[in-house]
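Architecture and fold: a report
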Number of protein chains: 2
Amino acid sequence: MRVNPNFAKFKEDYVYVSVKEKLTQYMQTHPPQAEILDLSIGDVSFPLNQGVIEAIHLAADQQGKMDTFHGYSPKKGHPFLVRAILENDYQAKGIPVNENEIFISDGAKSDVAHIQDLFAEDITIAVVDPFYPVYIDSNVMASRAGEYDEKTHRWSRLVYLEANEDNAFVPNLPQQAVDVIYLNYPNNPTGKALTQSELQAFVDYANQHQALIIYDAAYEAFIQSAEIPRSIYTCQGARNCAIEIKSFSKSAGFTGLRLGYMIIPEDLVYEGQSLNEMWARREATKFNGASFIIQKAGQAVYQPRVKAEIKANIQHYLANACRVKESLIEAGFVVYGGENAPYLWVKSIHEQSSWAFFEELLNKYQVVSTPGSAYGTNGENFVRLSMFAADGIIDKLIKRLKEL
Amino acid sequence: MRVNPNFAKFKEDYVYVSVKEKLTQYMQTHPPQAEILDLSIGDVSFPLNQGVIEAIHLAADQQGKMDTFHGYSPKKGHPFLVRAILENDYQAKGIPVNENEIFISDGAKSDVAHIQDLFAEDITIAVVDPFYPVYIDSNVMASRAGEYDEKTHRWSRLVYLEANEDNAFVPNLPQQAVDVIYLNYPNNPTGKALTQSELQAFVDYANQHQALIIYDAAYEAFIQSAEIPRSIYTCQGARNCAIEIKSFSKSAGFTGLRLGYMIIPEDLVYEGQSLNEMWARREATKFNGASFIIQKAGQAVYQPRVKAEIKANIQHYLANACRVKESLIEAGFVVYGGENAPYLWVKSIHEQSSWAFFEELLNKYQVVSTPGSAYGTNGENFVRLSMFAADGIIDKLIKRLKEL
């Protein structure tokens, strides 16, 4: 028996594991001066909305009676949820998506990581740096990334699209031929959102070069500005070059429930094969659907009362982001994001490494951040702060920023 | 953009889709003579137990309050469920498994399909014929099966271990070098269960040849006979060569809830790499855990009252299997299985193809079966009947078998 040789190429553990280890080390060597404020993991803090909880209760009761019991779910998801998504997230906004193009999943991470099952092994992948690590790691495991260069901190076969202060975090188009481009807007970790015309440039590029865009829109619910598109299919020609991935995690607080969906337009045909049909085959082989009860919870998210509550939660997170951003700026930091996304992208004052900056923030404010280098070389000098933290934590951080 | 070329190698849709299409065709061309009795898909019919439903209600209420809300689950599963599994399924039976070796998942199908992420691309895979199609299809997608031969109905790079009437469905050991062996006992579709000594022979073979066994024990709860092992780790040396996969679907009726687990012993080290650590990395990259609420439901399965109810459900399914088996035998069929598994493996009287036999049963009894050829060449002349069907369906089938 021989193992997949690609796993040995990983130099570091998944970033959140490293942060946790670093924190544990710190706690062991430093007597606690004050409460540790964790703003590292992008996990929500508001509880589920009552309408969602009621839906779970009802669905559980259905599962307890012979005549309303549901076993395996339909392969692409229960029609009640598929139609709610179609009507609310697409048709109501005039965005062209068909019912057959929606696939319900157990969350955006699974979709983001598994979509590469459909790619040939030797295609060229482009990622924006900074990136959500799953785009790269899932392709490393599938032999698509090449070798890791310890000096440049980059993989030999990947194409990196730079997004940094120089271009205001709007990545440049690829300068060489690529087959797949992962885009994530509103962006984790920078908080940047692309405007309609900025996104259209990528769609035009993809159509001109027969490339495929994997558009991770997990943070769509945070969009506030009218000029930021809520779906890639608002761009002309996107149905011919883009897959869109969405999540209930960051909008409705489903991080612990697990629910997401992916749009694969029927127009996406490469080498005579429909990606929609390939994915249907992939899911029929490797997945047995999201939990019925959680799909019912997802349907409840579209009730008007729940929609309003979720919108209020998001406004609350963004208001916290605004308050923290102001305090950070007052304390002398350069800060990006937080306007159409729940993340602040904070620059080190001393141009130090992101791990050194992480440690400085931990030492001075007892705040846990995520070091920017976890997201790529453009993350050096930066840390990410998650604004999903509870109010108590946000308030304490602001207090310490003002006093220290 | 070029696609994974392996998807084009599939000659047929996933079997249950084909059965559904066949049935739709039949319904369109044949006026209904009597109610169609569906015994094809292995989906449970009993509703969830009340103890499980109460646990879901409690967990949902927890998710609705700020101080008891749970976001992302721990990477390997919530400790309350991991410990319940460890204590009930292993420690109470004296079976050697450690807490760190248990990985909670959204069901056995995901685990069975994804475990091959850990294998090198050019290893040799052995499957028992008849097989659960996911073992093969997941490896086809990963370039590990070679080419499909339309004449033999077999893949060029797979090794098939024959299980048929000649060897009483106990497969022969591999006659050539193989790296991984998929075993599924109690077996889907034949209903066969291996005895302790029969399974020990495979464990001994694997240890002698440095092979890995993927032991799919999704139907363990149906074991009635004391000589049938309830875990592969009851075999000497199995911790050095076997991964075990279990499911809550067929025991507690969780087909719609989605919950399972996998045991990866820390002793499994190949080429200096721990499979347990590799899987932890795989899951951290591609999965975000089973739903918290469903993990709470899984914990409730181990309450003494729920355990007793589940046992009674299984006895009920097996009693139905016994009744149907007797009626089929009286009607002249040769029938296997149904004693330690919820499936009957029924032989055609006329030595016809399994699809012809499928059509005969549909025409004569209006019963939907699964044609044996879906599970491999040893399935020709056979169909599988699922005994998970509701009592009303079972009763009608027995009546028709007696009368027609």
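Residues numbered from 1 in each chain as written. Chains lettered and ligands numbered in written order. Predicted model: local features only at pLDDT ≥ 70, side-chain atom pairs only at ≥ 80, totals over all residues. Heavy atoms only, no water.

An unreviewed UniProt entry lists chain A under the name Aminotransferase, with Fundicoccus culcitae as the source organism. Regarding chain A, the UniProt comment filed under Pathway (unreviewed entry) reads as follows: "Amino-acid biosynthesis; L-lysine biosynthesis via DAP pathway; LL-2,6-diaminopimelate from (S)-tetrahydrodipicolinate (aminotransferase route): step 1/1." As its UniProt record puts it under Sequence similarities (unreviewed entry), chain A is described as follows: "Belongs to the class-I pyridoxal-phosphate-dependent aminotransferase family." (UniProt positions renumbered as here; feature names shortened; annotations may be inferred.)

A pair can form between side chains of opposite charge whenever their charged atoms are brought close. All told, the structure shown has 47 salt bridges over all chains when counted by the stated rule. The closest approach of N and O atoms between B:R282 and B:D117, which form a salt bridge, is 2.9 Å. Here the residue B:R282 occupies a position in helix α8 (residues 275–286), and B:D117 occupies one in the loop between α4 (108–114) and β3 (125–129), the gap between them amounting to 165 residues. Like B:D117, B:R282 is buried. One salt bridge in this structure joins B:E220 and B:K246, with 3.2 Å as the shortest N-O distance. On the criterion of sequence distance, the pair formed by B:E220 in the loop between β8 (212–216) and β9 (242–247) and B:K246 in strand β9 is long-range, its members being 26 residues apart. When its relative accessible area of 10% is taken as the criterion, B:E220 is described as buried. Taking the relative accessible area as the measure of exposure, B:K246 reaches 3% and is therefore buried. Shared partners join several salt bridges into a network, and the residues in it are A:K93, A:E220, A:R230, A:E244 and A:K246. (Salt bridge = Lys/Arg side-chain N within 4 Å of Asp/Glu carboxyl O. Helix = DSSP H or I, 4+ residues; strand = E, 2+ residues; numbered from the N terminus. Buried < 20%, exposed > 50% of the residue type's maximum accessible area, 1.4 Å probe, protein only.)

Residues and elements named next belong to chain A. One can read the domain layout of chain A as domain 1 (5–47 + 305–403) and domain 2 (70–301). Opposite the 36 residues of domain 1 that make contact, domain 2 presents 48 residues. A buried area of about 3,400 Å², summed over both sides, lies between domain 1 and domain 2, and 59% of it is on carbon and sulfur atoms. Contact with domain 2 buries area across many residues of domain 1, yet N340, Y375 and N378 alone supply 19% of it, more than any other trio. Joining domain 1 to domain 2, the criterion identifies two salt bridges. K9 serves as the salt-bridge partner of E147, at 3.3 Å between the closest nitrogen and oxygen. Connecting domain 1 to domain 2 are 20 residue pairs in polar contact (both at pLDDT 80 or more). Elements with a contribution of two residues or more to the side of domain 1 that touches domain 2: α10 (304–330), β13 (334–337), β14 (343–347) and β17 (382–386). In terms of residues, the side of domain 1 that touches domain 2 owes the most to one element, α10, which gives seven residues. (Domains from an automatic or database assignment. Contact = heavy atoms within 4.5 Å. Buried area = accessible area lost by both parts, 1.4 Å probe. Polar contact = N/O pair within 3.5 Å; in protein donor to acceptor, adjacent residues only side chain to side chain.)

Attention shifts here to the sheet that holds strand β17 (residues 382–386) of chain B. Residues and elements named next belong to chain B. Taken in spatial order, the four strands of this open sheet run β13-β14-β17-β16, and their pairing is antiparallel. With one partner strand each, in any of the chains shown, β13 (334–337) and β16 (370–371) form the two edges of the open sheet. Pairing analysis gives five bridges linking strand β14 (residues 343–347) to β17, with the strands arranged antiparallel. Pairing of V346 across the sheet is with V383, part of β17. Across the face of the sheet, helix α11 (residues 354–365) comes into contact with β14, β16 and β17 while running at roughly 50° to β17. (Pairing = 2+ DSSP bridges. Axes fitted to C-alpha atoms, helices over the stretch in contact; angles between N-to-C directions.)

If you look at the interface, chain B gives 79 residues, while chain A gives 79 residues. Both sides of the chain B and chain A interface together cover about 6,800 Å² of buried area, and 59% of this is carbon and sulfur. Inspection of the region where chain B meets chain A yields four salt bridges. The shortest N-O distance in the salt bridge between B:D122 and A:R2 comes to 2.8 Å. Summed over the shared surface of chain B and chain A, the number is 33 residue pairs in polar contact (both at pLDDT 80 or more). Elements that contribute at least two residues to the side of chain B that touches chain A include exactly α2 (50–63), α4, α5 (133–141), α8 and α9 (292–300) of chain B. Each residue belonging to the side of chain B that touches chain A can be placed in one class, and the counts come to 37 nonpolar, 22 polar and 20 charged. (Nonpolar A, V, L, I, M, F, W, Y, C, P; charged D, E, K, R; others polar.)

Once that is clear, we can look at the UniProt feature "domain: Aminotransferase class I/classII large" (unreviewed entry) in chain A. The feature "domain: Aminotransferase class I/classII large" (unreviewed entry), as given by UniProt, occupies residues 35–390 of chain A in the numbering adopted here. Across residues 35–390 of chain A, helical content stands at 33% and strand content at 17%; the span's end C-alpha atoms are separated by 14 Å.

Moving on, we come to the relation of the copies chain B and chain A. When chain B is fitted to chain A, the residual RMSD is 0.0 Å, and the transformation amounts to a turn of 180° plus an axial shift of 0.0 Å. Those values place the two copies in the arrangement expected of a two-fold rotation axis. Taking C-alpha positions as reference, the residue of chain B nearest the rotation axis is B:H57, located at 2.9 Å. (Least-squares fit on C-alpha atoms with pLDDT ≥ 70 in both.)

Quick look at the packing of aromatic side chains now. The full count for this structure, using the stated rule, is 46 aromatic pairs over all chains. Here the aromatic rings of A:W345 and A:Y375 are separated by 6.1 Å at their centres, their planes lie at 70°, and the arrangement is edge-to-face. Taken together, the residues A:W345 in strand β14 and A:Y375 in the loop between β16 (370–371) and β17 connect sequence positions 30 residues apart. The pair A:W345 / A:Y375 is uniform in exposure class, with both members buried. Both rings, one in B:F248 and one in B:Y261, keep their centres 6.2 Å apart while their planes meet at 65°; by these two values the pair is edge-to-face. Here B:Y261 lies in strand β10 (residues 260–263) and B:F248 lies in the loop between β9 and α7 (249–252), a separation of 13 residues in the sequence. Given a relative accessible area of 2%, B:Y261 falls into the buried group. Grouping aromatic residues by their ring pairs yields a cluster made of A:F46, A:Y219, A:F222, A:Y317, A:Y343 and A:F388. Here A:R281 stacks its cationic end above the ring of B:F10, 3.9 Å away from the centre of that ring. The positively charged end of B:K22 is found above the aromatic ring belonging to B:W355, 4.9 Å away from the centroid. (Phe/Tyr/Trp six-rings, centres within 6.5 Å; stacked < 30°, edge-to-face > 60°. Lys NZ or Arg CZ within 6 Å of the ring centre and 35° of its normal.)

Here we take up the nonpolar core. Core analysis: the largest hydrophobic core is formed by 142 residues, its most contacted members being A:F254 and B:F254. If sequence neighbours within four positions are ignored, A:F254 has contacts with A:L48, A:V52, A:F248, A:S249, A:L259, A:I294, A:A297, A:G298 and A:V301. Residues A:F103, A:Y132, A:I214 and B:A120 belong to the second largest nonpolar core, which totals 78 residues. (Core = buried A, V, L, I, M, F, W, Y, C linked by side-chain atoms within 4.5 Å.)

This brings us to the state of the cysteines. Scanning the entire structure with this criterion turns up zero disulfides over all chains. Cysteine B:C241 is unpaired, with the sulfur of B:C235 as its nearest cysteine sulfur at 8.5 Å. (Disulfide = S-S within 2.5 Å.)

What follows concerns the environment of A:T234. Residue and element names in this part refer to chain A. Turning to its location among the elements, T234 is positioned in the loop between β8 (212–216) and β9 (242–247). Residue class for T234 comes out partly exposed when judged on its relative accessible area of 34%. The contacts of T234, once residues within four sequence positions are left out, are I95, Q196 and P229. Engagement of the side chain of T234 in a polar contact is seen with the side chain of Q196, the distance being 3.0 Å.

Every α-helix carries 3.6 residues per turn, so stepping three or four residues along brings you back to the same face. Spanning 14 residues, α2(B) covers 20 Å between terminal C-alpha atoms, matching the ideal 20 Å at 1.5 Å per step. Considering only its buried residues, α2(B) is in contact with α2 (50–63) and α9 (292–300) of chain A together with α9 and α10 (304–330) of chain B. (Expected span 1.5 Å × (residues − 1).)

The subject of this paragraph is the side chain of B:N276. Residues and elements named next belong to chain B. Mapped onto the elements, N276 comes out in helix α8. A polar side-chain atom of N276 sits 3.2 Å from the main-chain carbonyl oxygen of N100. Those residues in contact with N276 that sit more than four places away from it in its chain are K76, N100, E101, F103, I264, P265 and E266.

Before going further, it helps to spend a moment on the sheet that holds β3(B). Residues and elements named next belong to chain B. Ordered by their spatial adjacency, seven strands build an open sheet running β2-β10-β9-β8-β7-β3-β6, and the pairing between neighbours is mixed. The open sheet has two free edges, formed respectively by β2 (102–105) and β6 (159–162), since each of these has just one partner strand. Averaged over neighbouring strand pairs, the angle between their axes works out to 20° when direction is ignored. Bridge analysis of β3 against strand β7 (residues 180–184) gives three bridges, and the strand direction is parallel. By the bridge assignment for β7, V127 is matched with Y182. The strands that helix α6 (residues 196–208) touches are β6, β7 and β8; relative to β8, the one it contacts most, it runs at about 150°.

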